[in-house]
Amino acid sequence: MAAENFELLAPATSCAVSKVRVVARVRPFLSQEISVKSSRVPVSCISVVDQGHISPEEVTVNLKDPETSRNECYQLDSFFGQEDHTVRQIFDKEVNPLIPGLFHGCNATVFAYGATGSGKSYTMQGTEEEPGLMPLAMSRVLSLCEETGCRAEMSYYEVYLERCHDLLEPKAKEIVIMDDKEGQIHLRGLSKVAVNSMSEFRETLALGVQRRKVADTDLNDVSSRSHGVLVITVSSPVCGDSAASVTGKLNLIDLAGNEDNRRTGNEGIRLQESAKINQSLFALSNVIYALNKNLARVPYRESKLTRILQDSLGGTSRALMIACLNPGAYQESVHTVSLAARSRQISNFVVPIHKQGTPQAKVDMESKLRAWLESKGKTKSAQRIGGIGSPFSSKTPCSTASKVRKPLFNSSAKVKKTANQSDCKREKERTVAVAFGNLVENKDIANSITTKDHVEKVKFNSPRKALSPIHNTNGIQKGVLELSFADQLPARTPKTPFPANEEFKSFGTPLDKFDAQVSTLKSCVAQEYVDFLNTASREELVELKGIGVKMAEYILDLRETSPLKSLADLKKLGLSSKQIHNLFSKAAMGIFGRIEDLAAVPCPETSLSNQ
């Protein structure tokens with residue numbers, strides 16, 4: 001047993017390519033099905049072709065229509081017939097080998113697929129006499145936790161009418177499905193319950209099963225009207241570091257069966273449920289098709305079901321698909337097995353969550369960046385990177401410099417009056433049109449902006465005042481940047497916000513000067529935008545261009561746990577770099593459009609002189 005514990009806790013360091021395994025399970029004939037055909041013994045339309053010289057790693061499943069001459073064959077990984085205790089056999093052969101990977105930080109997914117009445121819920125839940133895969137897996141996990149000192153937790157939720165609901169702790173808000181840059185799926189708002197014994201597990205699972213949506217149809221007395229998902233989470237302490245832990249997840253998914261409404265007799269709400277179930281299963285077939293054809297876009301976001309399976313099909317989890325078959329339904333079995341056979345071609349790239357070598361790789365990238373900056377003559381920037389300790393530090397140069405600079409803008413919407421008309425023109429020249437590039441990445445910035453007469457520093461005063469929209473009489477929202485310029489400094493003694501050094505010498509060309517101005521404005525506006533997202537109320541977020549009600553709620557929930565440090569943190573909401581850029585640009589361009597409107601206002605002195 002000691003050798004087994006060592007194997008469980010040994011860290012996995014390499015990426016493994018894992019094919020999605022597909023097995024078929026044929027349920028026995030039900031009592032009512034036998035009584036209907038009492039004159040003769042019912043014959044299954046599903047069988048296995050004699051292997052002979054065929055590879056033992058796969059089986060050939062033959063489907064034959066007893067009423068016609070139709071006959072089709074498909075290649076699967078394994079086959080379990082109508083014999084007793086087939087669920088236990090599936091667990092021992094297919095599911096049990098996946099469980100040790102949870103203690104290495106790997107994820108696994110087992111899902112049952114098939115038509116309504118094909119035995120999916122029985123395969124997953126089972127009975128007290130014949131436990132299903134869910135209790136069998138939990139029993140194995142708990143036994144390994146006792147041996148290794150790990151902790152086990154469970155979650156249980158359903159996808160009903162394309163909405164995710166927690167079955168253990170019912171909430172008013174639905175569960176939000178998000179994925180990170182690693183491809184891992186995260187469920188915000190999903191509760192976790194610690195499990196220490198099988199009695200606790202059975203009580204908790206029974207409570208969740210009672211809350212799951214089921215109904216009576218013409219084909220099934222207790223037909224599942226939702227996709228049910230049980231998540232078993234294992235947290236393992238890392239050797240030598242009690243604070244760190246490695247987490248692995250096992251997803252056990254009981255899919256609702258696709259239905260023919262002409263046979264089920266669905267009406268009203270049952271018809272709506274059936275439509276959503278069939279729609280999500282159709283989206284699943286589209287995902288499998290796109291993965292097999294190596295298409296550039298895989299439509300994971302077409303349904304909540306495919307979003308849940310995103311890291312299991314073509315993702316980072318080991319996956320097992322159990323095709324549940326009705327021995328008397330030929331056409332339904334053909335549809336199920338054909339999709340299952342296509343799923344075998346999908347490859348997953350399983351990467352443990354705990355990775356080694358990351359700190360060394362980060363140090364190498366830091367030294368390369370410093371060497372590149374020094375080769376370009378940017379010695380100060382290279383020294384600044386060395387002082388921070390990492391180029392990926394959360395504190396940006398803009399936020400550091402903002403503590404030293406003196407504000408030039410206040411909350412007043414009026415431009416201070418100048419001495420004469422020439423001074424007014426000089427103020428207008430300082431308004432520049434800025435072309436925004438990639439605003440998500442931090443860039444090297446200069447700490448000053450050189451104007452025509454002297455060097456002045458720019459800083460926004462308050463994010464709420466700077467970015468809050470105003471309402472005009474027509475009800476149209478416009479973003480306005482409220483600003484005022486400082487008084488003119490004496491020409492004989494120009495002042496700079498920092499001591500004179502190499503970095504603040506005059507620029508070589510007008511283009512260099514303009515690049516420095518643009519770089520500083522971009523970085524500072526981006527930082528102020530992040531500060532605004534961290535402090536604004538829900539109403540203020542909704543009024544900002546590009547942010548709706550749902551996005552505002554996501555931002556409020558996100559900043560409660562981890563405040564935004566940069567625009568890149570918006571990726572935690574599932575946004576891409578391009579979407580973040582567009583979101584910020586809508587607000588930023590509105591601000592600078594307002595600056596142009598202010599610049600077009602005639603000076604008071606000019607108006608008086610004309611009179």
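Residues numbered from 1 in each chain as written. Predicted model: local features only at pLDDT ≥ 70, side-chain atom pairs only at ≥ 80, totals over all residues. Heavy atoms only, no water.

Draft legend 1. Highlighting the overall build of the chain. The secondary structure content of the chain amounts to 20 helices and 22 strands. Relative to all contacts within the chain whose residues are 6 or more apart in sequence, the contacts with residues 24 or more apart total 69%. Carbon and sulfur atoms form 53% of the exposed surface of the chain, whose accessible area is close to 31,500 Å². (Helix = DSSP H or I, 4+ residues; strand = E, 2+ residues; numbered from the N terminus. Contact = heavy atoms within 4.5 Å. Areas by Shrake-Rupley, 256 points an atom, 1.4 Å probe, with all protein chains shown as cover.)

Draft legend 2. Structural context of the pairing of strand 11 (residues 185-188). Where strand 10 (residues 176-179) meets strand 11, 4 bridges bridge the pair, whose relative direction is antiparallel. Counted as the bridge partner of Met178 is His186 from strand 11. (Pairing = 2+ DSSP bridges.)

Draft legend 3. Fine view of the environment of Glu94. Here Glu94 shows up in helix 3 (residues 86-95). Glu94 gets classed as buried once you look at its relative accessible area, which sits at 5%. Along the sequence, Glu94 and Val110 sit 16 residues apart, while their C-alpha atoms lie 9.5 Å from each other. Among all residues touching Glu94, those that are not within four sequence positions of it are Arg21, Val23, Ser78 and Leu320. (Buried < 20%, exposed > 50% of the residue type's maximum accessible area, 1.4 Å probe, protein only.)

Draft legend 4. Structural detail: the pairing of strand 18 (residues 347-350). Every second residue of strand 18 is oriented toward a common face, the buried set being Asn348 and Val350 and the non-buried set Ser347 and Phe349. For strand 1 (residues 16-19) and strand 18, the ladder comprises 4 bridges, and the chain directions are antiparallel. Across the sheet, residue Ser18 finds its bridge partner in strand 18, namely Asn348.

Draft legend 5. Up close: the layout of surface pockets. Counted as a void, the second largest pocket has a volume near 1,100 Å³. If you trace the second largest pocket, you find 46 residues lining it, with Arg27, Leu30, Gly117, Ser118 and Gly119 closest to the centre. If you list the elements that add at least two residues to the lining of the second largest pocket, you get helix 2 (31-36), helix 3, helix 4 (120-125) and strand 14 (223-224). Top contributing element to the lining of the second largest pocket by residue count: helix 4, with 4 residues. (1 Å grid on protein atoms, 1.4 Å probe; cavity = no way out; pocket = protein on both sides within 12 Å on 5 of 7 lines; lining within 4 Å. Points joined across faces, edges and corners; volume = space filled by probe spheres on them.)

Draft legend 6. Just the environment of Glu33, in detail. When you line up the elements, Glu33 lands in helix 2. Separated by 295 residues in sequence, Glu33 and Gly328 have C-alpha atoms that sit 8.7 Å apart. Not counting chain neighbours up to four residues away, the residues in contact with Glu33 comprise Arg27 and Asn326.

Draft legend 7. Structural detail: the side chain of Ser223. Mapped onto the secondary structure, Ser223 falls in strand 14. Polar contacts involving the side chain of Ser223 include one to the side chain of Arg225, which spans 3.0 Å. Among residues more than four places away in sequence, those in contact with Ser223 are Thr116, Lys213, Val214, Ala215, Thr217 and Glu259. (Polar contact = N/O pair within 3.5 Å; in protein donor to acceptor, adjacent residues only side chain to side chain.)

Draft legend 8. Spatial organisation of the pattern of salt bridges. This structure, assessed with the given rule, holds 15 salt bridges. Across the salt bridge formed by Glu153 and Arg151, the nearest N and O atoms sit 3.9 Å from each other. Across the pair Arg307 and Asp179 runs a salt bridge whose closest N-O atoms are separated by 3.5 Å. Taken together, the residues span a long stretch of sequence, with Arg307 in helix 9 (residues 304-308) and Asp179 in strand 10 at a distance of 128 residues. For Arg307, a relative accessible area of 7% puts it in the buried group. Asp179 gets classed as buried once you look at its relative accessible area, which sits at 16%. Connected via shared salt-bridge partners are Glu58, Asp77 and Arg344. (Salt bridge = Lys/Arg side-chain N within 4 Å of Asp/Glu carboxyl O.)

Draft legend 9. Focus on the UniProt feature "binding site: ATP" (unreviewed entry) in the chain. The residues that UniProt annotates with the feature "binding site: ATP" (unreviewed entry) are Gly114, Ala115, Thr116, Gly117, Ser118, Gly119, Lys120 and Ser121. In the annotated group above, the second largest pocket draws its lining from Thr116, Gly117, Ser118, Gly119, Lys120 and Ser121. In this structure, Lys120 sits in helix 4. Mapping Ser121 onto the fold places it in helix 4. The contact partners of Ser121, leaving out residues within four places of it in the chain, are Gly126, Arg212, Ser224 and Asp254. (UniProt positions renumbered as here; feature names shortened; annotations may be inferred.)

Draft legend 10. Region of the structure containing the side chain of Ser274. Tracing the backbone shows Ser274 in helix 8 (residues 269-292). Judged by relative accessible area, which is 0%, Ser274 ranks as buried. Excluding its chain neighbours within four sequence positions, the residues that come into contact with Ser274 are Arg225, Glu259, Asn261 and Asn266.

Draft legend 11. Just the packing of aromatic side chains, in detail. By the definition in use, this model includes 0 aromatic pairs. For the cation-ring pair, Lys213 lies above Tyr160, with the distance from its terminal atom to the ring centre recorded as 5.0 Å. (Phe/Tyr/Trp six-rings, centres within 6.5 Å; stacked < 30°, edge-to-face > 60°. Lys NZ or Arg CZ within 6 Å of the ring centre and 35° of its normal.)

Draft legend 12. View of the sheet that holds strand 3 (residues 46-48). Across the sheet, 3 strands lie side by side as 3-4-5; this open sheet has antiparallel pairing. Since the sheet does not close on itself, it has two edges, and those belong to strand 3 and strand 5 (71-76), each with one partner. Across the sheet, the mean angle separating the axes of adjacent strands is 25 degrees when strand polarity is ignored. The sheet contact formed by strand 3 and strand 4 (residues 59-64) spans 3 bridges and is antiparallel. When the bridges of strand 4 are listed, Val48 appears paired with Val61. Along the sheet, helix 10 (residues 330-343) makes contact with strand 3, strand 4 and strand 5, crossing strand 5 at roughly 35 degrees. (Axes fitted to C-alpha atoms, helices over the stretch in contact; angles between N-to-C directions.)

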